[in-house]
Amino acid sequence: MSEMAPPEVRPKPAIPAKPPHAVPPSASTLSIQGSGGGPSSALLGYIGIDTIIQQMRKKTMKVGFDFNIMIVGHSGLGKSTLVNTLFKSQVSRRSSGWTCERIPKTVEIKSVSHVIEEGGVKMKLTVIDTPGFGDQINNENCWEPVSKYISEQYEKFLKEEMNIARKKRIPDTRIHCCLYFISPTGHSLRQLDVEFMKRLSSVVNLVPVIAKSDTLTPEEKNEFKQRVRKELETSGIEFYPQKEFDEDIEDKNENNKIREAMPFAVVGSDKEYQVNNKRVLGRKTPWGVVEVENPNHCEFAQLRDFLIRSHLQDLKEVTHNIYYETYRAKRLNDNGGLHPLTCSAPAGPSESNV
Ligand SMILES: Nc1nc2c(ncn2[C@@H]2O[C@H](COP(=O)(O)OP(=O)(O)OP(=O)(O)O)[C@@H](O)[C@H]2O)c(=O)[nH]1
């Protein structure tokens, strides 16, 4: 498996030659602005600043990148099926032949990695599953092993960063996104749902979804969504993308639309059916095929577009700049500014089953 890391921007010292396919921008887009936001004037010719995009693209294509997604929810909610549907491949723990017939007696953390390549870009995808979550008679504190695992990954990264001889690329096992599966009961959230999301939303990018939404009628689905949204609000649970991390008005407008549509009511399937002469991913019922990518049938496509096509890089940046940074600062503060290797992590040594 190839070594992966987020793209690094390291422009060459000399002004790059204008690539043959780069079209020089019109005079109106060539400008220089004073540091105080003063009047701008036109540049005298093409420099090549815009080639940074091609340079970043080339670099990303060479090294690839990591993406770590955690799936949480009780057994049978369609977690494995949904990640397979999201990445159009068999990436879940179950698909990797890692099955256990019985429900574990405690929450376990299992991770499985794959390299997915599309358009010449490689992504090392790690799916972290949590079998046993919510499946016990007493589910009190069942968020603890998940929270501990998330902290351990921050600690691992911090230790690598603090080493004198650092690796060229620090392996990134931090969770970039935690998909939380809400049962399509049509009733209220369970105590466990509220407890988990309350605890975890301050340490990881939390994205709640309503699982198996094909089991609800459109009216039930809308009512349930409204109820869940209200309950999340009254419990003070902030999910990703949080308002406070919107960077500008454009971000805010785009994210407001997403926030208003969440939690997405999804359907997963890794089976294809023929519908109107097209192969579509769907679930066959006696009344027809529920097409997972059809926005009239469910909100899977919205979730996929948001997680992968518009916010994947942001999920990684928020993880690094907000959650990891908060962990790092607290860890160094708690240790009186000393090297964190001189005392053990608050989460304790790793015991997870990875
Ligand atoms: N109706 C419906 N069934 C689904 C959906 N997604 C998955 N299923 C079915 O639900 C069952 C469980 O799906 P899994 O993906 O294995 O669920 P899981 O949450 O990963 O289960 P565990 O591995 O036991 O935690 C399978 O029979 C799936 O075919 C869905 O969106 N709607």
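Every chain is numbered on its own, with residues counted from 1 as its sequence reads. Whole-chain, interface and lining totals are the exception, using all residues; otherwise, since this is a predicted model, local features are given only for residues with pLDDT of at least 70 and side-chain atom pairs are given and counted only at 80 or more. Only hydrogens and water are set aside when side-chain values are computed; all heavy atoms of the structure are taken into account.

In the nomenclature of an unreviewed UniProt entry, the chain is known as Neuronal-specific septin-3 of Synaphobranchus kaupii. UniProt positions are given in the numbering used here, feature names are shortened, and annotations may be inferred rather than shown by experiment. The UniProt entry for the chain carries the following text under Sequence similarities (unreviewed entry): "Belongs to the TRAFAC class TrmE-Era-EngA-EngB-Septin-like GTPase superfamily. Septin GTPase family."

S.K.: Please explain empty space enclosed by the protein as it appears in this structure.
M.R.: The probe, sized like a water molecule, is rolled over the atoms to show the empty space still left. Using a 1 Å grid laid over the protein atoms alone, points where a 1.4 Å probe fits but cannot get out form a cavity; open sets with protein on both sides within 12 Å along at least 5 of 7 lines form a pocket; any residue with an atom within 4 Å of a point counts as lining. Grid points are joined across faces, edges and corners, and a volume is the space filled by probe spheres set on the points. Applying the stated criterion to the full structure yields one cavity of 30 Å³ or more. The volume enclosed by the largest cavity comes to roughly 40 Å³. Ile182, Ser183, Thr185, Ser188, Leu189, Arg190, Asp193 and Phe224 are the residues that line the largest cavity. Amino acids outside the nonpolar list (Ala, Val, Leu, Ile, Met, Phe, Trp, Tyr, Cys, Pro) and the charged list (Asp, Glu, Lys, Arg) are all regarded as polar, and Gly is one of them. Its residues placed into classes, the lining of the largest cavity shows three nonpolar, three polar and two charged.

S.K.: Whenever I open this one, the pairing of strand E11 (residues 288-291) confuses me. Can you help?
M.R.: On any regular strand, side chains alternate: one points to one face of the sheet, the next to the other face. Between any two strands, pairing holds if DSSP finds at least two bridges. Per the convention used, a helix needs a DSSP run of H or I reaching at least four residues, while a strand needs a run of E reaching at least two, with both numbered from the N terminus. Summarising the sheet, strand E10 (residues 278-285) and E11 pair through four bridges and their orientation is antiparallel. Bridge pairing in E11 links arginine 283 to valine 290. The loop that links E10 with its antiparallel partner E11 comprises two residues.

S.K.: How do you make sense of the environment of valine 72 when you look at a structure like this?
M.R.: Within the element layout of this structure, valine 72 appears in strand E3 (residues 65-72). Separated by 106 residues in sequence, valine 72 and cysteine 178 have C-alpha atoms that sit 7.2 Å apart. Not counting chain neighbours up to four residues away, the residues in contact with valine 72 comprise Lys79, Thr130, Phe133, Val146, Cys178, Leu179, Tyr180, Phe181 and Phe196. By definition in these notes, contact holds between two residues if any of their heavy atoms fall within 4.5 Å.

S.K.: Could you clarify how one ought to interpret the pattern of salt bridges in this entry?
M.R.: When their charged atoms lie close together, side chains carrying opposite charge are able to pair. Salt bridges are counted wherever a side-chain nitrogen of Lys or Arg sits within 4 Å of a carboxyl oxygen of Asp or Glu. Evaluation of the coordinates by the stated rule reveals 17 salt bridges. For lysine 110, the salt bridge identified is with glutamate 108, shortest N-O distance 3.5 Å. Here the two residues lysine 110 and glutamate 108 agree in accessibility, since each one is buried. Put simply, lysine 159 and glutamate 155 hold a salt bridge, and the shortest N to O gap is 3.7 Å. Here lysine 159 and its partner glutamate 155 are both found in helix H3 (residues 144-162), four residues apart, which amounts to about one turn of the helix. Exposure categories follow from relative accessible area, calculated using a 1.4 Å probe and restricted to protein chains: below 20% of the type maximum is buried, above 50% is exposed, and the middle band is partly exposed. A residue is classified by how much of its surface remains accessible, and lysine 159, at 30% relative accessible area, is partly exposed. Bridged by salt links that share partners, the residues Lys88, Glu293, Arg304, Asp305 and Arg309 form one connected network.

S.K.: In this structure, what is going on with the packing of aromatic side chains? I would like to understand it.
M.R.: For any pair of aromatic rings, geometry is given as the distance between the ring centres together with the angle between the planes. Working definition: a ring pair exists when centres of Phe, Tyr or Trp rings (six-membered ring for Trp) sit within 6.5 Å. Plane angles under 30 degrees give stacked, over 60 give edge-to-face, the rest tilted. The tally for this structure, following the rule as stated, stands at eight aromatic pairs. Ring centres 5.6 Å apart and planes at 40° place the aromatic pair tyrosine 154 and tyrosine 327 in the tilted group. Here tyrosine 154, found in helix H3, pairs with tyrosine 327, found in helix H8 (residues 312-334); they are 173 residues apart in sequence, far enough to count as distant. Like tyrosine 154, the residue tyrosine 327 is buried in the burial classification. Between tyrosine 180 and phenylalanine 196 the ring centres are 4.9 Å apart and the planes differ by 20°, which places this aromatic pair in the stacked class. On the criterion of sequence distance, the pair formed by tyrosine 180 in strand E6 (residues 177-182) and phenylalanine 196 in helix H4 (residues 191-200) is long-range, its members being 16 residues apart. The pair formed by tyrosine 180 and phenylalanine 196 is uniform in burial state, with each residue classed as buried. Of the aromatic side chains, those joined through ring pairs into one cluster are Tyr154, Phe157, Tyr324 and Tyr327. Criterion for a charge above a ring: Lys NZ or Arg CZ within 6 Å of the ring centre, and within 35 degrees of the ring normal. The ring centre of phenylalanine 157 lies 3.6 Å from the NZ or CZ of arginine 174, which sits over that ring.

S.K.: What should I look at first to understand the environment of proline 295 in this one?
M.R.: As for its placement among the helices and strands, proline 295 is situated in the loop between E11 and helix H7 (300-310). Along the sequence, proline 295 and tyrosine 273 sit 22 residues apart, while their C-alpha atoms lie 17 Å from each other.

S.K.: Please clarify how the pairing of E6 should be interpreted in this entry.
M.R.: In terms of burial, E6 is a largely internal element, six of the six residues being buried. Across the two faces of E6 the burial is the same, with Cys177, Leu179 and Phe181 and Cys178, Tyr180 and Ile182 all buried. The pairing of E3 with E6 spans four bridges and is parallel. Residue pairing across strands places methionine 70 opposite cysteine 178, the latter belonging to E6.

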